[in-house]
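Here is how the chains run, residue by residue.
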Amino acid sequence: MPAPTLIPPPLSLYVHIPWCVRKCPYCDFNSHGQKGALPVDAYVDALIADLEQDLPLVWGRTVHSVFFGGGTPSLFPPEAIGRILDAAAARLRFAPNAEVTLETNPGTAEHGRFDGYRAAGVNRLSFGIQSFDDGCLARLGRIHDAAQAEQAVRLAQAAGFDNINLDLMYALPGQDVAMAERDLARALALEPAHISHYQLTLEPNTLFFAKPPPGIPEDDAAWAMQERCQAQLAAHGYAQYETSAYARDGRQCAHNLNYWRYGDYLGIGAGAHGKLSTGSDGRILRRWKQKHPAAYLRDAATDARIGGDEAVAPAARPFEYMLNALRLVEGFDLGDFEVRTGLSREAIAAPLAKAVVAGYIRQDGARVVPTEHGRRFANDAMTLFL
Ligand SMILES: C[S@@+](CC[C@H](N)C(=O)[O-])C[C@H]1O[C@@H](n2cnc3c(N)ncnc32)[C@H](O)[C@@H]1O
Ligand code: SF4
């Protein structure tokens, strides 16, 4: 049987803004505490130069979503975000109604800015709330309190944003199940379209990893928080569609769904990663950019901006595909696996059979759906596909 043809999947654009007011002690993202005024104009120029040079990788393709992530993109004024979007729209074809998300730290929300972001073309905001408990927020080193977080979300809603995500974390130092539920209740009271509910993880290279704060809940307590919160979310009409993502009807995050379905994305900005399928020749390229903002700013107009290029070998694709597919409540179709990896479904038949026996997935014809057990122990399930 001939190998299936790899068909380029939907394309997204990721734009990384690598600064924050202050670095949070649990955070492993490529983000740097701000020292003095940010080089906003120079960085926007660098992003445009970076995009310009990557264009040949995506000729003729349509962009379905844009995501400004960080770091803290809301440190950039609306004019800067608008200049980036205008430059992108002048060089790439955008789908009508493309989702355009901006990550926002409530501590950077200034009155009037939200109107500007909307005018610039942003149609979705994602707020890093983490908790509504002032003690928890202080222990997390956040720059805002609960009242400021609520105020920021309300300001955004008053400016007309109706597609809002709130990031919450649970299993926080000093948190019990009732506190996690109270955090969620306050988030729900703001009626966002979407909630991301992440378990706090101790990431290597963070202060929390080097010196874990006291009072981090045990695994069983963390699991109880997840179960109770999931039920509370369901009761309020937020369906879980990925391990940490919950949405009202039709409000799933198109950008993240594209990642999780092994879609393509162009990544611009310091440390940004991209994944691009190059169609007829069946190649998949991963490209990442220089990580440090100073190096990126210096090199953005040349090939030196590229931190690395790597072709994804066919043998590595099943694991890459499953890494995300096993987090999706909807699971995936074997036909999608074939067109997105360029491999025959036979390539994963044996590990899939093992995953069924282990209770990680259910298979109904060509449809593969992870069980709750499979999503909870996704890391173990994934090793079958290595
Ligand atoms: C780039 S930040 C969001 C925007 C902004 N930087 C902020 O924090 O307000 C992305 C999200 O990842 C989550 N996150 C970061 N570090 C985490 C960790 N160690 N464990 C779990 N979630 C984490 C937080 O919920 C955070 O809001
Ligand atoms: S959690 Fe957000 S604000 Fe805190 S350091 Fe990470 S990216 Fe910056």
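Residues numbered from 1 in each chain as written. Chains lettered and ligands numbered in written order. Predicted model: local features only at pLDDT ≥ 70, side-chain atom pairs only at ≥ 80, totals over all residues.

> I would appreciate a short explanation of the sheet that holds strand 16 (residues 361-364) in the present structure.
Each strand in a sheet pairs with another by means of backbone hydrogen bonds, the pair being arranged parallel or else antiparallel. Read across the sheet, three strands follow the order 15-17-16 without closing on themselves; strand pairing throughout is antiparallel. Each end of this open sheet is capped by a strand with a single partner; those strands are strand 15 (332-333) and strand 16. Judged from the four bridges that link them, strand 16 and strand 17 (residues 367-370) form a sheet pairing that is antiparallel. Bridge pairing in strand 17 places Gln-363 opposite Val-368. Most of the contacts of helix 13 (residues 349-357) go to strand 16, to which it runs at about 115°, and overall it touches strand 16 and strand 17. (Pairing = 2+ DSSP bridges. Helix = DSSP H or I, 4+ residues; strand = E, 2+ residues; numbered from the N terminus. Contact = placed C-beta atoms within 7 Å. Axes fitted to C-alpha atoms, helices over the stretch in contact; angles between N-to-C directions.)

> Quick question: what am I supposed to make of helix 8 (residues 219-235) here?
The periodicity of an α-helix, 3.6 residues per turn, causes residues three or four places apart in sequence to face the same way. Taking 1.5 Å of rise per residue, the 17 residues of helix 8 would be expected to cover 24 Å, and the 24 Å separating its terminal C-alpha atoms lies within 8% of that figure. Just past helix 8, the residue Gly-237 takes up positive phi, approximately 90°. (Expected span 1.5 Å × (residues − 1).)

> Quick question: what am I supposed to make of the packing of helix 6 (residues 177-189) against helix 8 here?
The relative placement of two packed helices comes down to the angle between their axes together with the axis-to-axis distance. Following both chains from N to C, one finds helix 6 and helix 8 inclined at 30°, their axes separated by 9 Å at the closest point. As helix 6 packs across helix 8, the resulting crossing turns out to be right-handed. From helix 6, Val-177, Ala-180, Glu-181 and Leu-184 reach across to helix 8, where they touch Ala-221, Ala-224, Met-225, Arg-228, Cys-229 and Gln-232. For the contact of helix 6 with helix 8, the residue count by class is seven nonpolar, one polar and two charged. (Left-handed = near helix turned anticlockwise from the far one by under 90°. Nonpolar A, V, L, I, M, F, W, Y, C, P; charged D, E, K, R; others polar.)

> Before we go on, may I ask you to explain the domain arrangement of the protein chain in this structure?
How big an interface is tends to be reported as the loss of accessible area on association of its parts. Taken domain by domain, the protein chain holds domain 1 (11-258) and domain 2 (315-383). For domain 1 and domain 2, the distance between their C-alpha centres works out to 28 Å. Domain 1 puts four residues into the contact, and the matching count from domain 2 is six residues. Taken together, the residues that form the side of domain 1 that touches domain 2 break down as one nonpolar, two polar and one charged. (Domains from an automatic or database assignment.)

> Mind showing me how you'd approach unusual backbone geometry here?
Excluding glycine, a negative phi dihedral is what most residues carry, and trans is how most peptide bonds are arranged. Of note, the bond from Gly-70 into Gly-71 is cis; its omega dihedral lies within 30 degrees of zero at 15°. Here Gly-71 lies in the loop between strand 4 (62-70) and helix 2 (78-91). Non-glycine residue Gln-130 carries a positive phi angle of around 75°. Mapped onto the fold, Gln-130 is located in strand 6 (residues 124-130).

> I keep staring at the site of ligand 1 and nothing clicks. Help me out?
The environment of ligand 1 is formed by 17 residues, the closest being Glu-103, Asn-105, Gly-128, Asp-167 and Tyr-198. Taken together, the elements giving at least two residues each to the shell around ligand 1 come down to strand 4, strand 6 and strand 7 (164-170). Partitioning the shell around ligand 1 into residue classes produces seven nonpolar, seven polar and three charged. (Near = placed C-beta within 6 Å.)

> Hey, could you run me through the pairing of strand 6 in this one?
In summary, the side chains of a regular strand alternate between the two faces of the sheet. Counting buried residues in strand 6 gives seven out of seven residues, a clear majority hidden from the surface. Going residue by residue along strand 6, you find Arg-124, Ser-126, Gly-128 and Gln-130 tucked away on one face and Leu-125, Phe-127 and Ile-129 tucked away on the opposite face as well. By the bridge criterion, five bridges tie strand 6 to strand 7 in an arrangement that is parallel. Its bridge partner being in strand 7, Phe-127 is matched across the sheet by Leu-166. (Buried ≥ 20, exposed ≤ 12 C-beta atoms within 10 Å, placed from the backbone.)

> Can you walk me through the environment of Ala-156 in this structure?
If you trace the backbone, Ala-156 turns up in helix 5 (residues 146-158). Counting along the chain gives 42 residues from Ala-156 to Phe-114, while the straight-line C-alpha distance between them is 5.6 Å. Among all residues touching Ala-156, those that are not within four sequence positions of it are Phe-114, Leu-125, Phe-161 and Ile-164.

> What is the right way to look at the pairing of strand 11 (residues 264-268) in this model?
Counted residue by residue, strand 11 has five buried out of five residues, so it is predominantly covered. Along strand 11, one buried face is formed by Asp-264, Leu-266 and Ile-268 and the opposite face, lined by Tyr-265 and Gly-267, is buried too. Judged from the five bridges that link them, strand 1 (residues 11-17) and strand 11 form a sheet pairing that is parallel. Its bridge partner lying in strand 11, Tyr-14 is registered against Gly-267.

> Would you mind showing me how to read the nonpolar core here?
Note that soluble globular proteins tend to have their nonpolar side chains buried in a common cluster. Among the nonpolar cores identified, the biggest contains 76 residues, and Leu-13, Val-15, Leu-47, Val-66, Ile-164, Leu-168 and Tyr-170 are the most heavily contacted of them. Ranked by residues supplied to this core, first place goes to helix 1 (residues 40-54) with six residues. Residues contacting Leu-47, with those up to four places away along its chain left out, are Val-15, Ile-84, Ile-268 and Gly-269. Of all hydrophobic cores here, the second largest spans 19 residues; its members include Met-322, Ala-325, Leu-352 and Ala-355. (Core = buried A, V, L, I, M, F, W, Y, C linked by C-beta atoms within 7 Å.)

> Which parts of the structure should I look at to understand helix 1?
In this model, helix 1 (15 residues) spans 21 Å end to end at C-alpha, consistent with the 21 Å of a helix rising 1.5 Å per residue. Those residues of helix 1 not exposed but buried are Tyr-43, Val-44, Ala-46, Leu-47, Ile-48, Asp-50, Leu-51 and Asp-54. The inward-facing, buried residues of helix 1 abut strand 1, helix 2, strand 11, strand 13 (284-289) and helix 10 (293-299).

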